[in-house]
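Architecture and fold: a report
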2 protein chains.
Amino acid sequence: MSGLPLFGFFRRMLGHDKAFRQAIATVTGRTPQNVRLYHLAFTHSSVVKQQPTTGRHQSNERLEFLGDAVLGTVVAEYLFRKFPYEQEGFLTEMRSRIVNRESLNGLALKLGLDKLVQLDPGQGRAARSRSVNGNALEALVGAVYLDQGYKAARKFVLSRLVKPYVDVKSLTETTANFKSKLIEWAQRNGKAIRYDLNGEARPGGVMEFTASVVLDDEVVATGMGLSKKQAEQLAAERALAALGV
Amino acid sequence: MSGLPLFGFFRRMLGHDKAFRQAIATVTGRTPQNVRLYHLAFTHSSVVKQQPTTGRHQSNERLEFLGDAVLGTVVAEYLFRKFPYEQEGFLTEMRSRIVNRESLNGLALKLGLDKLVQLDPGQGRAARSRSVNGNALEALVGAVYLDQGYKAARKFVLSRLVKPYVDVKSLTETTANFKSKLIEWAQRNGKAIRYDLNGEARPGGVMEFTASVVLDDEVVATGMGLSKKQAEQLAAERALAALGV
């Protein structure tokens, strides 16, 4: 598929829809019924203009919202069954390792979705950022859900994404301790690290914590979580990323 | 159901399972197949002891994790279809208004779930916090999903929760502008309000913003979001809650 929207449009008009259908069938394992949904799934917001009469955006962002939820549910059930003795915190953590932005971008490339995504090539780096592909993958899950139903979407996620490409065992083993890593880094580099913590009651009586990693009196990263530990771990993970460690 | 776990246990042994089954059928609209799932859904962590041999907790927290995802998906699809011209940000915001902790607690009470939840009465206020009921509702959605499948869970959520109890129209109208409200409150009370903003790149090139509401040099609430506006709105909403406005 070309990145040029008009070119893509004419290609479809000229009968290339057959090739697109075939590509979707290859990726999802099922012949698409409503092809428009899949075209939408691969339409990045950079190629659509707002239509002033309806305010309608014909980009994949709405499908991405839906697909993100479906994907989260399928992975939640998968982990629920795979780890019958693990608690909710473990399941939550594992899921976020499977469906985080970076992992989704990687999965999208493995499925070859980058070749299907329609971008405005004039918009340069921002439009071509790697998350475009992960977002399209979520939108594709949303399209399969609307087109084929939940069972088919579940099967697609499990048999085409999770089982071939997600190494759940190694994910459980690399329960990386970001706080320790950060401390080691600080000691090696003669830096002083501290955490600033704030707790805040949310409606419903849940406490939400915000932890900031302060490096030589400068906040380098912030994390939130439902426990102090969770917030600090996330802040430490982000600090390591920000510091390029 | 009694809050005393042993009493509950004996009641079940003595044939009260029939009454429990009936209660579940009334609430969900379907006769349960695997009743144990529903017992689990109503078992608060305060009534279970960790079993040292397996480390197994028999509380509803795992089901809550699963049910939260299913509920999010069903509501996502509902909003996706109901608002075909609204963008992703609107759908996200509407969903969080429908499935937030407080709203779930209210829905749980409307379904009478508080009468089914098993709590340790010795643990006092913490165990009896209102979010117990909202959590049990999420766990119930997870139980219906495992017991009856996605379609049944979807039907339960739509026909027993969303359609009878969620006034979607009024939710769209009260797109309350929390920032304005907070400014008005500050002016009325002669306080100085400012926002501290931090942006941070997340993996995948997405920016995440953290906004803190600073009232007379003290942080009263923090919010995060994928835009400055979203982060500030959330921070303002939480500040209003924290200030009891």
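Residues numbered from 1 in each chain as written. Chains lettered and ligands numbered in written order. Predicted model: local features only at pLDDT ≥ 70, side-chain atom pairs only at ≥ 80, totals over all residues. Heavy atoms only, no water.

The name given to chain A in an unreviewed UniProt entry is Ribonuclease 3, with Hymenobacter yonginensis as the source organism. For the record of chain A, the UniProt heading Function (unreviewed entry) holds the text "Digests double-stranded RNA. Involved in the processing of primary rRNA transcript to yield the immediate precursors to the large and small rRNAs (23S and 16S). Processes some mRNAs, and tRNAs when they are encoded in the rRNA operon. Processes pre-crRNA and tracrRNA of type II CRISPR loci if present in the organism." (UniProt positions renumbered as here; feature names shortened; annotations may be inferred.)

1. Some points on the interface of chain A and chain B
Taken together, the contact pairs 46 residues of chain A with 43 residues of chain B. Taken over both partners, the interface formed by chain A and chain B buries close to 4,100 Å², and the fraction arising from carbon and sulfur atoms is 61%. Among the residues of chain A in contact with chain B, Arg62(A), Phe65(A) and Phe80(A) are the three that bury the most area, contributing 21% of the side total. The interface formed by chain A and chain B contains zero salt bridges. Between the two partners, chain A and chain B, sit 13 residue pairs in polar contact (both at pLDDT 80 or more). Elements with a minimum of two residues in the side of chain A that touches chain B: helix H3 (61-82), helix H4 (88-98), helix H5 (101-110), helix H7 (131-148), helix H8 (150-165), strand S2 (207-215) and strand S3 (218-225) of chain A. Residue contributions to the side of chain A that touches chain B peak at 13 residues, all from H3(A). For the side of chain A that touches chain B, a count of residues per class yields 18 nonpolar, 13 polar and 15 charged. (Contact = heavy atoms within 4.5 Å. Buried area = accessible area lost by both parts, 1.4 Å probe. Salt bridge = Lys/Arg side-chain N within 4 Å of Asp/Glu carboxyl O. Polar contact = N/O pair within 3.5 Å; in protein donor to acceptor, adjacent residues only side chain to side chain. Helix = DSSP H or I, 4+ residues; strand = E, 2+ residues; numbered from the N terminus. Nonpolar A, V, L, I, M, F, W, Y, C, P; charged D, E, K, R; others polar.)

2. Details of the pairing of S2(A)
Residues and elements named next belong to chain A. Counting buried positions along S2 yields eight of nine residues, so the element is predominantly enclosed. In this structure, strand S1 (residues 193-201) lies alongside S2, joined through nine bridges in antiparallel fashion. Looking at S2, one finds that Asp-196 is bridged to Ser-212. In the sheet, S2 pairs with S3 via seven bridges, with the strands oriented antiparallel. By the bridge assignment for S3, Ser-212 is matched with Thr-222. In textbook terms, the turn of a hairpin is the stretch between consecutive antiparallel strands, and for S2 and S3 this stretch comprises two residues, one of which, Asp-216, has a positive phi near 50 degrees. (Buried < 20%, exposed > 50% of the residue type's maximum accessible area, 1.4 Å probe, protein only. Pairing = 2+ DSSP bridges.)

3. Topic: the sheet that holds S2(A)
Residues and elements named next belong to chain A. As summarised here, the arrangement of the three strands in space is S1-S2-S3, forming an open sheet in which the pairing is antiparallel. The strands lining the two open edges of the sheet, one partner per strand, are S1 and S3. Across the sheet, the mean angle separating the axes of adjacent strands is 20 degrees when strand polarity is ignored. In the packing of helix H11 (residues 228-242) onto the sheet, the strands contacted are S1, S2 and S3, and the crossing angle to S3 comes to about 135 degrees. (Axes fitted to C-alpha atoms, helices over the stretch in contact; angles between N-to-C directions.)

4. Side note on the relation of the copies chain A and chain B
The two copies are related by a screw motion: chain A maps onto chain B through a turn of 180 degrees and a shift of 0.1 Å along the axis, at an RMSD of 0.1 Å. Between the two chains, the operation in question is that of a two-fold axis. In this assembly the copies share their binding face: 93% of the residues contributing to the interface of chain A also contribute to that of chain B. (Least-squares fit on C-alpha atoms with pLDDT ≥ 70 in both.)

5. Quick notes on helix H4 (residues 88-98) of chain B
Taken as a whole, H4(B) has its buried residues at Leu91(B), Met94(B), Arg95(B), Arg97(B) and Ile98(B). The buried residues of H4(B) all sit within an arc of 160 degrees when viewed along its axis, so they share a single face. Against H3 of chain A together with helix H3 (61-82), helix H5 (101-110) and helix H9 (168-173) of chain B lie the buried residues of H4(B). (Arc of directions from axis to C-beta.)

6. As for the sheet that holds strand S2 (residues 207-215) of chain B
Residue and element names in this part refer to chain B. The strand order across the open sheet formed by three strands is S1-S2-S3, and the pairing between neighbours is antiparallel. Lying at the two open borders of the sheet, with one neighbouring strand each, are strand S1 (193-201) and strand S3 (218-225). Strand-to-strand twist across the sheet, computed as the mean angle between neighbouring axes with direction ignored, equals 20 degrees. Along the sheet face, helix H10 (residues 178-188) touches S1 and S2 and points at about 145 degrees away from the line of S1.

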